[in-house]
Amino acid sequence: MSDATSIDHQLEAGFGDYFALLKPRVMSLVVFTALVGLVVAPVPMHPFVALVAITCIAVGGGASGALNMWWESDIDALMHRTRGRPIPSGRVAREEALAIGLTLSGFSVVMLWLATNAVAAGLLAFTIFFYAVIYTMLLKRRTPQNIVIGGAAGAFPPMVGWAAATGGVSLESALMFALTFAWTPPHFWALSLFVKGDYGRAGVPMLPEVAGRDATRRQILGYSVALALVSLALGLTSIGGPLYMTVAVAMNALFLRAAWRVARRSDADSDADRHLAERALFRLSLLYILLLFGALLAESSLKPLGLGGW
Amino acid sequence: MRFHPDHELHRRRASRNYGLGAVLLAFAAMIFGLSLVKARENGVPGLEAARQKAAAAAEAGTTGEGRP
């Protein structure tokens, strides 16, 4: 019998398996928010340089996803949702994921530096370090506030985009960071209230399982209030304007009402109507981030016509 | 000579090779495009000096300066 016949053909990786290491769905949010950060910045960029910058930020985000999958392959194998990922399914070796993660991290940071500036490259490097080391390796398995910490990593891209255009950090970019940062906990905890995860089996202390589902409901409301304050403050800066403010006021009113409904319910109420309020909050959170960042983009696009901004 | 139809294994390897090829081509295009844009925006170091030197040399050639 030749060696070839003993190979399990299902375990041969295709290109899509390597691409899946980069967490493409997370990458789409990274691309969108980084693009907004870059476009709303007051310094114009050459479109090709902007395209390269966004590509670098997306690849850097993807690289941190690959490093995350390398480190977490043990718990990914235990959970139903992540069992089919390239490493636990056996199609990609852990060492390959590590090599891809490190290589793409290096390339994305250096290329962003060459294309734009050291501040943007430094911020991207810190984002990768924060997600891969501080969140994935050090804190995710130790604290039930892991979603909050992971959210910080996901909140950096608009700051990196802004830095790529301006070469610095400002109140506007810090508030865009704060917006995504405060948005992440209600978004994920709403999901965790109606999707039965098996994090407990994997030893990851998720808030609903550690602090209880009632505490999670209260924290969703707390972060939603913080989110409202941050998003309205962003509207008062140089990148805000009447259009953004209108969208922000309307969306925050809807979001706070949805979060209030979730906070006031018990698990029995939630089970009775198949988590209607929790599902509504989750769907609204997706629309919320899309519309608020979209409104910032619209304000910036209207400025040349003398319409956007205050 | 007849080849056997591609096995799933070959299909996956081909997708890997074509994918990597596309990534490398895109990377090369990115470097090339970035070089053009940067050269246009910032200028090429030493280009102006070289132009002046060439112009001076051409002028010297027409006026006969520097000829033995």
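Refer to the structure printed above.
J.: Run through a nonpolar patch on the surface, naming residues and quoting values.
T.: Taken together, the side chains of L20, V23 and L24 of chain B define a hydrophobic patch exposed on the protein surface, amounting to about 280 Å² of accessible area. Overall, V23 of chain B belongs to the partly exposed group, its relative accessible area being 42%.

J.: Talk me through the nonpolar core; I want residue IDs and the actual numbers.
T.: Residue and element names in this part refer to chain A. The biggest cluster of nonpolar side chains holds 50 residues, and the ones touching the most others in it are M176, L179, L234, Y244, L281, Y288 and L296. Within the residue set of this core, elements represented by two or more residues are α2 (24-40), α7 (146-166), α8 (171-194), α9 (199-202), α11 (213-235), α12 (242-264) and α14 (276-302). Built from parts of two domains, this core gets at least three residues from each of domain 1 (14-167) and domain 2 (170-310). Contacts of L234, omitting those with residues within four sequence positions, involve E172, L175, M176, L179, I239, G240, Y244 and L296. Formed by 27 residues, the second largest nonpolar core is a distinct cluster that contains L38, A50, I128 and A164.

J.: Mind laying out α2 of chain A, listing which residues take part and the relevant values?
T.: Over its 17 residues, α2 of chain A extends 24 Å from the first C-alpha to the last, a length consistent with the 24 Å expected when each residue adds 1.5 Å. Elements in contact with the buried residues of α2 of chain A: α3 (47-71), α7, α8 and α14 of chain A.

J.: Outline the layout of surface pockets, supporting the account with residue identities and numerical values.
T.: Taken as a whole, the second largest pocket holds about 890 Å³ of empty space. Along its surface, the second largest pocket is lined by 25 residues, and F15, V59 and L104 of chain A together with L20 and V23 of chain B are the ones closest to its centre. At the level of secondary structure, the elements contributing two or more residues to the lining of the second largest pocket comprise α1 (15-20), α3 and α5 (94-115) of chain A together with α1 (8-42) of chain B. Looking at the lining of the second largest pocket, its residues break down into 19 nonpolar, 4 polar and 2 charged.

J.: Break down the packing of α2 of chain A against α7 of chain A for me, with residues and values.
T.: Residues and elements named next belong to chain A. One can describe the packing of α2 onto α7 by two numbers: an axis separation of 7 Å at closest approach and a directional angle of 35°. You can see that α2 and α7 cross each other, and the crossing is right-handed. Where α2 abuts α7, its residues V30, T33, A34, G37, L38 and V40 lie against P157, P158, G161, W162, A164 and A165.

J.: Describe unusual backbone geometry, listing the residues and the values that go with them.
T.: For R274 of chain A, which is not glycine, the phi torsion reads 55° and is therefore positive. Of note, R274 of chain A is situated in the loop between α13 (267-272) and α14.

J.: Tell me about the interface of chain A and chain B, and please be specific about residues and values.
T.: Taken together, the contact between chain A and chain B spans 17 residues of the former and 18 residues of the latter. Where chain A packs against chain B, one counts 2 salt bridges. Between R16 of chain B and E12 of chain A there is a salt bridge, with the nearest N and O atoms lying 3.1 Å from each other. Here chain A and chain B share 6 residue pairs in polar contact (both at pLDDT 80 or more) between them.

Each value, and the rule that gives it
- Starting from 1, residues in each chain are numbered consecutively following that chain's sequence as written.
- Going through the entries in the order they are written, you letter the chains from A and number the ligands from 1.
- Given that this is a predicted model, residues contribute local features only at a pLDDT of at least 70 and side-chain atom pairs are listed and counted only at 80 or more, while totals for whole chains, interfaces and linings are drawn from all residues.
- Side-chain descriptors were evaluated using all non-hydrogen atoms of the structure, hydrogens and water having been removed beforehand.
- Residues enter patches when their relative accessible area tops 30% and they take part in no salt bridge; the joining distance is 9 Å for like charges and 5 Å for the nonpolar side chains Val, Leu, Ile, Met, Phe, Trp and Tyr.
- Surface exposure here means Shrake-Rupley accessible area, sampled with a 1.4 Å probe, where a residue is shielded only by the protein chains that are shown.
- Any Lys or Arg side-chain nitrogen located within 4 Å of an Asp or Glu carboxyl oxygen qualifies as a salt bridge.
- Type-normalised accessible area, obtained with a 1.4 Å probe on protein chains alone, sets the label of each residue: buried when under 20%, exposed when over 50%, and partly exposed for intermediate values.
- Put simply, buried Ala, Val, Leu, Ile, Met, Phe, Trp, Tyr and Cys residues joined by side-chain atoms within 4.5 Å make one nonpolar core.
- We count a stretch as a helix when DSSP gives it H or I for four or more residues in a row; a strand needs E for two or more, and each element gets its number in order from the N terminus.
- For every domain, the bounds stem from an assignment made automatically or drawn from a database.
- Contacts were defined at the residue level, with two residues in contact if any of their heavy atoms lie within 4.5 Å.
- By this rule, a helix spans an expected 1.5 Å times one less than how many residues it contains.
- Only protein atoms enter the 1 Å grid used here, on which a cavity is any set of points holding a 1.4 Å probe that cannot leave and a pocket is any open set flanked by protein within 12 Å on both sides along at least five of seven lines; residues with an atom within 4 Å of a point are listed as lining.
- Grid points are joined across faces, edges and corners, and a volume is the space filled by probe spheres set on the points.
- Ten residue types, Ala, Val, Leu, Ile, Met, Phe, Trp, Tyr, Cys and Pro, are classed as nonpolar, four, Asp, Glu, Lys and Arg, as charged, and the remainder, Gly among them, as polar.
- Think of each axis as a best-fit line through the C-alpha atoms, taken over the contacting stretch in the case of a helix, with angles from 0 to 180 degrees between the N-to-C directions.
- When the near helix sits turned anticlockwise from the far one by under a right angle, the crossing is termed left-handed; a clockwise turn instead gives a right-handed crossing.
- Two N or O atoms form a polar contact when they lie within 3.5 Å of each other; inside protein one atom must be a possible hydrogen donor and the other a possible acceptor, and for residues adjacent in sequence the pair counts only when both atoms belong to side chains.

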